[in-house]
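Structural characterization, general
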Amino acid sequence: MNPQAKLIFVMSLFLGTTITISSNHWMTAWAGLEINTLAVLPMISKSHHPRAIEAATKYFLVQAAASALVLFSSMTNAWHTGQWDITQLTHPTSSLILTAAISMKLGLVPFHFWFPEVLQGSPLTTGLILSTAIKLPPITLLYMTSHSLNPELLTTMALLSIALGGWMGLNQTQIRKILAFSSISHLGWMAIIIVYNPKLTMLNFLLYSLMTAAVFLTLNSMKVLKLNTLITSWTKSPSLSSIFLLTLLSLAGLPPLTGFLPKWLIIEELTKQDMVPAAMMMSLLSLLGLFFYLRLAYCATITLPPHTTNHMKKWHTNKPVNISIAILTTLSLVLLPISPMIVTIM
């Protein structure tokens, strides 16, 4: 892609995100979401491959439908209350429609079907944007309207997202699809707590973005898209593969890594809210995600399985690790000890 065009699309992405997260009026928030959608479409379809064009088409249709629902929700609320302020969303029907719209934008179950397909058709760098930056404006809208949302509906959707995200990621061989189902599962953890402690949702999103960025940039550095190419990555960059193992375990939420912090705080908050059964179900369902993270880690670092087909082994290369990968990976591993400070800041 032309560097000038890429700069325009990235700047538009920043502009759309800034407009949405800083707006009080529904129309400006909607405009920011539309700018984001239009900015990311060329990034998805830049390879001109049929799968990329299909991914861009699916993304456009889903996001257009979700944006229409956001408008419909705000207009319904304005019709009944006379308010266009985002924080004044008080009408129950408007809240339900908005929940459906934001779930479509995020990829929460049962509106999740588009996300793995779109991520599979996108390059890794665009996949990183779709998994992190694009999700910030919708989550901000949920944060601003959290007092009006239906807790039972969000709890049901969150549990289904964690279950399906773990279950459907088990038999995948494409790494981008595995990461898409991982994202759906993590969104379930964010959705269940948004009504009770919105700041905890934002903390979870921030830490998830750090860990996912580390994983995507590592895979992009190793030029890996499938499990059978990940198997040979150890011979190419053993040190990066070793750190990749720890980053995956952090994404799975194992102590003493950073990924354990949001899960620990969310389970603690759910227990305070007398939602022990939901907390137990989430903890058990997260074991499904742990299985495919361990599968990725196993392929990346532990073994080279026997092959019936010949393939060329890579030479060891002493290519320096990108500084952004080093910083993100470090943050993905060592933030748990400073959790008291993080909780105090919240």
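Residues numbered from 1 in each chain as written. Predicted model: local features only at pLDDT ≥ 70, side-chain atom pairs only at ≥ 80, totals over all residues. Heavy atoms only, no water.

Topic: the UniProt feature "domain: NADH:quinone oxidoreductase/Mrp antiporter transmembrane" (unreviewed entry) in the protein
Just so we agree on the cut-off: UniProt positions are given in the numbering used here, feature names are shortened, and annotations may be inferred rather than shown by experiment. The numbering of helices and of strands both runs from the N terminus, where a helix is a DSSP run of H or I of at least 4 residues and a strand a run of E of at least 2.
Residues given the UniProt feature "domain: NADH:quinone oxidoreductase/Mrp antiporter transmembrane" (unreviewed entry) here are residues 23–288. Its end C-alpha atoms 38 Å apart, residues 23–288 is made of 76% helix and 0% strand.

Details of the environment of Tyr-208
Definition in use: Contacts: residue pairs with any heavy atoms within 4.5 Å of one another.
One can find Tyr-208 in helix α10 (residues 198–222). With 27 residues separating them along the chain, Tyr-208 and Thr-235 place their C-alpha atoms 29 Å apart. Those residues in contact with Tyr-208 that sit more than four places away from it in its chain are Ser-131, Ser-183, His-186, Met-190 and Leu-251.

Observations regarding the environment of Thr-125
Relative to the helices and strands, Thr-125 resides in helix α6 (residues 124–131). Apart from the residues within four sequence positions on either side, Thr-125 is in contact with Lys-46 and Asn-220.

Some remarks on the domain arrangement of the protein
We apply this condition: Boundary definitions for the domains trace back to an automatic or database domain assignment. We define buried area as the total accessible area lost by two parts upon association, computed with a 1.4 Å probe and summed across both. Any carboxyl oxygen of Asp or Glu that lies within 4 Å of a side-chain nitrogen of Lys or Arg is treated as forming a salt bridge with it. Definition of a polar contact: a pair of N or O atoms within 3.5 Å, with one able to donate and the other able to accept a hydrogen when the atoms are protein atoms, and with sequence-neighbouring residues admitted only if both atoms are side-chain atoms. Side-chain classes follow a simple rule in which Ala, Val, Leu, Ile, Met, Phe, Trp, Tyr, Cys and Pro form the nonpolar group, Asp, Glu, Lys and Arg form the charged group, and the remainder, Gly included, forms the polar group.
As far as domains go, the protein holds domain 1 (1–139) and domain 2 (150–307 + 315–345). Put simply, the middle of domain 1 and the middle of domain 2, counted by C-alpha atoms, are 23 Å apart. Each partner contributes to the interface: domain 1 provides 26 residues, whereas domain 2 provides 33 residues. Of the roughly 2,500 Å² buried between domain 1 and domain 2 on both sides combined, carbon and sulfur atoms contribute 78%. Lys-177 serves as the salt-bridge partner of Glu-117, at 3.3 Å between the closest nitrogen and oxygen. Summed over the shared surface of domain 1 and domain 2, the result is five residue pairs in polar contact (both at pLDDT 80 or more). Elements that contribute at least two residues to the side of domain 1 that touches domain 2 include exactly α4 (92–106), α5 (114–120), α6 and α7 (136–144). A class-by-class count of the residues in the side of domain 1 that touches domain 2 yields 14 nonpolar, 10 polar and two charged.

Here's the deal with the nonpolar core
Note the following rule: We define the nonpolar core as a collection of buried residues of types Ala, Val, Leu, Ile, Met, Phe, Trp, Tyr and Cys that are connected through side-chain atoms lying within 4.5 Å of one another. Partly exposed residues are those whose accessible area sits between 20% and 50% of the maximum for their type, while under 20% is buried and over 50% is exposed, using a 1.4 Å probe and protein chains only.
Grouped together as the largest cluster of nonpolar side chains are 98 residues, with contacts concentrated most on Tyr-59, Leu-130, Ile-192, Leu-219 and Leu-230. If you tally residues by element for this core, the top one is α10, at 13 residues. The residue makeup of this core includes at least three contributed by each of domain 1 (1–139) and domain 2 (150–307 + 315–345). Residue contacts for Tyr-59: discarding those within four places in its chain leaves Thr-37, Val-40, Leu-41, Ile-44, Trp-114, Val-118, Leu-130 and Ile-134.

Things to note about the packing of α10 against helix α16 (residues 323–334)
How we decide: Axes, fitted as lines to C-alpha atoms, cover a helix only where it is in contact. Angles between the N-to-C directions of the axes lie from 0 to 180 degrees. In what follows, roughly perpendicular refers to angles from 65 to 115 degrees, roughly parallel to angles under 35, roughly antiparallel to angles over 145, and oblique to any angle outside these ranges. Put simply, a crossing is left-handed when the front helix is turned counterclockwise from the back one by less than a right angle, and right-handed when it is turned clockwise.
Their axes nearest at 8 Å, the elements α10 and α16 cross at an angle of 140 degrees. By the angle between their axes, α10 is oblique relative to α16. Helix-helix and strand crossings are classified by hand; for α10 and α16 the assignment is left-handed. Across from Leu-210, Met-211, Ala-213, Ala-214, Leu-217, Thr-218 and Ser-221 in α10, the residues of α16 making contact are Ser-324, Ile-325, Leu-328, Thr-329, Leu-331 and Ser-332. Among the residues making up the contact of α10 with α16, the classes are represented as eight nonpolar, five polar and no charged.

Re the packing of aromatic side chains
To keep it simple, the criterion reads: Working definition: rings of Phe, Tyr and Trp (its six-membered ring) pair if their centres are within 6.5 Å, and the pair is stacked with planes under 30 degrees apart, edge-to-face with planes over 60 apart, and tilted otherwise. Placement of a charge over a ring requires the Lys NZ or Arg CZ to be within 6 Å of the ring centre, with the centre-to-atom vector within 35 degrees of the ring normal.
One pass over the structure, following the stated rule, counts four aromatic pairs. Measuring from ring centre to ring centre gives 6.0 Å for Phe-260 and Trp-264, while their planes differ by 10 degrees; the resulting arrangement is stacked. Taken together, the residues span about one helical turn, with Phe-260 and Trp-264 both in helix α14 (residues 260–272) at a distance of four residues. Taking relative accessible area as the criterion, Phe-260 reaches 26% and is therefore assigned partly exposed. Seen from their ring centres, Phe-292 and Tyr-293 are 5.0 Å apart, and the 50 degrees between their planes marks the pair as tilted. We note that Phe-292, like Tyr-293, is buried. An aromatic cluster of three or more residues is present, and its members are Tyr-59, Trp-114 and Phe-115. Taking the ring centre of Phe-115 as reference, the NZ or CZ of Lys-135 above it sits at 4.0 Å. We note Lys-263 situated over the ring of Trp-189; from NZ or CZ to the ring centre the distance is 5.0 Å.

Quick notes on unusual backbone geometry
For the bond from Val-109 to Pro-110, the omega torsion is 10 degrees, close enough to zero to count as cis. Of the consecutive residues Pro-255 and Pro-256, the connecting peptide bond is found in the cis state with omega at 5 degrees. A positive phi angle, close to 55 degrees, is found at Lys-223, a residue other than glycine. In this structure, Lys-223 sits in the loop between α10 and α11 (227–230). Note on Lys-223: relative accessible area 63%, which makes it exposed. Unusually for a residue other than glycine, Asp-274 sits at a positive phi of about 60 degrees. When you line up the elements, Asp-274 lands in the loop between α14 and α15 (276–302).

Things to note about helix α9 (residues 175–193)
Just so we agree on the cut-off: A helix is expected to span 1.5 Å for every residue after the first.
Helix length check: α9, at 19 residues, gives a terminal C-alpha distance of 28 Å against a target of 27 Å (1.5 Å per residue), a fit within 8%. With 19 of its 19 residues buried, α9 lies for the most part within the structure.

A short note on the side chain of Thr-76
Tracing the sequence through the fold places Thr-76 in helix α3 (residues 50–81). A residue is classified by how much of its surface remains accessible, and Thr-76, at 13% relative accessible area, is buried. If sequence neighbours within four positions are ignored, Thr-76 has contacts with His-91 and Ser-94.

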